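Overview (structure and organization)
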Amino acid sequence: MKKIVIQNESCIGCGACVGIDSEHFEFSDEGFSTVKSQENLDSPALQDAIDACPVAIISLENVDESKDDATTQSHSSDEDCSCENCECHECDCQSEKSN
Ligand code: SF4
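Attention here is on the structure that accompanies the text. (Residues numbered from 1 in each chain as written. Predicted model: local features only at pLDDT ≥ 70, side-chain atom pairs only at ≥ 80, totals over all residues. Heavy atoms only, no water.)

**Observations regarding the site of the ligand**
Let me state the cut-off plainly: Here a residue is near a molecule or strand as soon as one of its heavy atoms is found within 4 Å of it. Residue polarity is assigned by list, with Asp, Glu, Lys and Arg as charged and Ala, Val, Leu, Ile, Met, Phe, Trp, Tyr, Cys and Pro as nonpolar; anything else, Gly included, falls into the polar class.
Around the ligand sit 13 residues, and of these C11, C14, G15, C17 and C53 come closest. In terms of residue class, the shell around the ligand is built from 10 nonpolar, three polar and no charged.

Now the structure itself:
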């Protein structure tokens, strides 16, 4: 199974992916790109967005569904977070780490 993966700890929030392919990307409340949809992965706009990312952090990866967990993409709640490994911008872990 293919899946869009964003290494969102490195996102600079430039907006290129969101501007090119709003079907698949949106901004989080913190201003970083997150995956909006994992459907229609053959879309030309998706490939254009991947190619346009200036820090090359978007990829289409083959994912083993049995290993699909919070470490392969951002999560939406603190409840799934394993704080030791979490580098996402989706929860309060970063602020917890710095406190
Ligand atoms: S194009 Fe890359 S750096 Fe820019 S918002 Fe999207 S993921 Fe972030």
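**A look at unusual backbone geometry**
Filter applied, for reference: Secondary structure is summarised from DSSP: a helix means a run of H or I of at least four residues, a strand means a run of E of at least two, and numbering begins at the N terminus for each.
At N40, a residue that is not glycine, the phi angle is positive and equals roughly 55 degrees. Look at A56: it is not a glycine, yet its phi comes out positive at around 50 degrees. One can find A56 in the loop between α2 (44–52) and β4 (58–62).

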